[in-house]
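This is what each chain is made of:
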Amino acid sequence: MDVSPQYRKAWEGFWSATSDAPGEAIWDSDPSLTAVPHSELLLPYADTALPVVDLGCGNGTQTRYLATVFARALGVDLSDAAIGHALRADTAGVAEFAQLDLVDADAVRALSERIGDTNVYMRAVIHQSEPEARPAVAAAVAALIGERGRAFVVELTPASKDLIQKVAEARGGPPPKLRRVIEHGLKPADASEEEVPQLLRGAGLTILAEGDTALAQTEHLPDGTRIDLPARWFVLAPAG
C-alpha cells in the first residue's frame, strides 16, 4: 500500500514552496515548546540507549533536539523536499534523515531490520493522513518500536479543526502560514477524538499514559496571540 499520488503531491508541493527559514511552516515551533516537553513525558518509560525515529520529521527541527536526548536520532518524511530542508538545516550533522512512506509496510519493515527496536516520536501525522492510510501509520509505529521501544504520539483533536476554521474565516482571511496549508490541500485535524486511540490499540499498542495538551504554532492571531491547537498525547508500548 502507498499513499495516493494526490497526497504525495500535496506534501511535496508544500515543502517545495517553503523556504529554509526556521518557523516558515506553521507547525515548525521551537523544540522548547514541543520536543522538549514531549520528551519529558516519554523519558520515564523509554530507554535512551535505543535510537529514536521522528516520523513525519518535516525540516528536522524536533529531530535535531531528539538527537541530544537519545543515542541516535533518525528523521523520516514522505516528502523528498522536506528531507532536503532537514539535511540543509542540520549543519552539525547531529541526526540522520531519509525519505519514508509510513504506509509502505515493506519500507517500514526494512527500516526496522536496519536499526532494530527503536523509540518513536510522532507529532500530528495521523490526523492529517488519508483515512484509509491511518491504520498503516499506526502499524508503522508498532513495527518500529518492536519489543523494547516506546513511542510518543501527539495528535490534534477536533477542537483544533474548529479553531482553524474560525481563524480562517476571520476578517482578512487566514494568516499567511495557514493560507499556504489550505492552498496546498492539506487537511489538519481531520480525525475524530476516538479514532486515534482506537487505531493505536488496533495496531497492537498499549497506552501507558495520555493527556491533553496544545501544539504551539508559529502563526499568530491579529492581536498577537500565538495559535495553540488542542491536542492529545499518548505514550505507547507493545501490547503484551
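Here, the structure is the one placed above.
This structure is a prediction, so every number in the text was calculated from the model and none was measured.

A. Region of the structure containing the side chain of E155. Note that E155 resides in strand β5 (residues 151-156). R134 provides the closest opposite charge to the buried, salt-bridge-free E155, at an N-O distance of 7.9 Å. Excluding anything up to four places from it in sequence, E155 contacts M122, A124, V125, I126, H127, V196, A231 and R232.

B. Quick peek at the packing of helix α6 (residues 134-145) against helix α9 (residues 195-202). Between α6 and α9, whose axes approach to 8 Å, the crossing angle comes to 55°. Taken together, the axes of α6 and α9 lie oblique to each other. Our pair here, α6 against α9, has a crossing hand that is right-handed. Packed against α6, whose contacting residues are R134, P135 and A138, the element α9 presents E195, L199 and L200 at the interface. Here the residues of the contact of α6 with α9 sort into four nonpolar, no polar and two charged.

C. The pattern of salt bridges, seen in detail. Counting across every chain of the model gives nine salt bridges. A salt bridge links D117 to R148; the nearest nitrogen and oxygen atoms lie 3.6 Å apart. You can see D117 sitting in the loop between α5 (105-115) and β4 (119-123) and its partner R148 sitting in the loop between α6 and β5, a full 31 residues away along the chain. Classification of R148 by relative accessible area gives exposed; the value is 51%. Its salt-bridge partner being E210, residue R232 comes within 3.1 Å of it at the nearest N-O pair. Of the two residues, R232 sits in strand β7 (residues 226-238) while E210 sits in strand β6 (residues 205-220), which places them 22 residues apart along the sequence. Ionic contacts of the salt-bridge type, sharing partners, join the residues E210, D212 and R232 into one network.

D. Quick look at empty space enclosed by the protein. Enumeration according to the criterion identifies one cavity of 30 Å³ or more in this entry. Considering only enclosed or pocket space, the largest cavity measures out at about 700 Å³ in volume. What lines the largest cavity is a set of 44 residues, among which W11, R123, A124, V125 and Q128 lie closest to the centre. Contributions of two or more residues to the lining of the largest cavity are made by α1 (5-16), β1 (52-55), α3 (61-66), β2 (73-77), α7 (158-168), α8 (176-183), β6 and β7. In the lining of the largest cavity, the residues fall into 28 nonpolar, nine polar and seven charged.

E. Quick peek at the nonpolar core. Residues L55, L102, V120, M122, L200 and L236 are the most contacted members of the largest nonpolar core, which totals 76 residues. If you tally residues by element for this core, the top one is α6, at eight residues.

F. Molecular detail of the environment of R8. With respect to the helices and strands, R8 occurs in helix α1. Placed 224 residues apart in sequence, R8 and R232 show a C-alpha to C-alpha distance of 26 Å. Excluding anything up to four places from it in sequence, R8 contacts V3, L78, Q99 and D101. For R8, the side chain forms a polar contact with the side chain of D101, separated by 3.4 Å.

G. Spotlight on the packing of aromatic side chains. Applying the stated criterion across every chain, the model contains seven aromatic pairs. When the centroid spacing of 6.1 Å and the interplanar angle of 75° are considered together, the rings of W11 and F14 count as edge-to-face. Placement of the pair is W11 and F14 together in helix α1, with a separation of three residues, close to one helical turn. Judged by relative accessible area, W11 falls into the buried class, the value being 12%.

Definitions and cut-offs
Residues numbered from 1 in each chain as written. Predicted model: local features only at pLDDT ≥ 70, side-chain atom pairs only at ≥ 80, totals over all residues. Heavy atoms only, no water. Helix = DSSP H or I, 4+ residues; strand = E, 2+ residues; numbered from the N terminus. Buried < 20%, exposed > 50% of the residue type's maximum accessible area, 1.4 Å probe, protein only. Lys, Arg positive; Asp, Glu negative; His and termini not counted. Salt bridge = Lys/Arg side-chain N within 4 Å of Asp/Glu carboxyl O. Contact = heavy atoms within 4.5 Å. Axes fitted to C-alpha atoms, helices over the stretch in contact; angles between N-to-C directions. Parallel < 35°, antiparallel > 145°, perpendicular 65-115°, else oblique. Left-handed = near helix turned anticlockwise from the far one by under 90°. Nonpolar A, V, L, I, M, F, W, Y, C, P; charged D, E, K, R; others polar. 1 Å grid on protein atoms, 1.4 Å probe; cavity = no way out; pocket = protein on both sides within 12 Å on 5 of 7 lines; lining within 4 Å. Points joined across faces, edges and corners; volume = space filled by probe spheres on them. Core = buried A, V, L, I, M, F, W, Y, C linked by side-chain atoms within 4.5 Å. Polar contact = N/O pair within 3.5 Å; in protein donor to acceptor, adjacent residues only side chain to side chain. Phe/Tyr/Trp six-rings, centres within 6.5 Å; stacked < 30°, edge-to-face > 60°.

Honestly, it's all geometry; don't read function into it.
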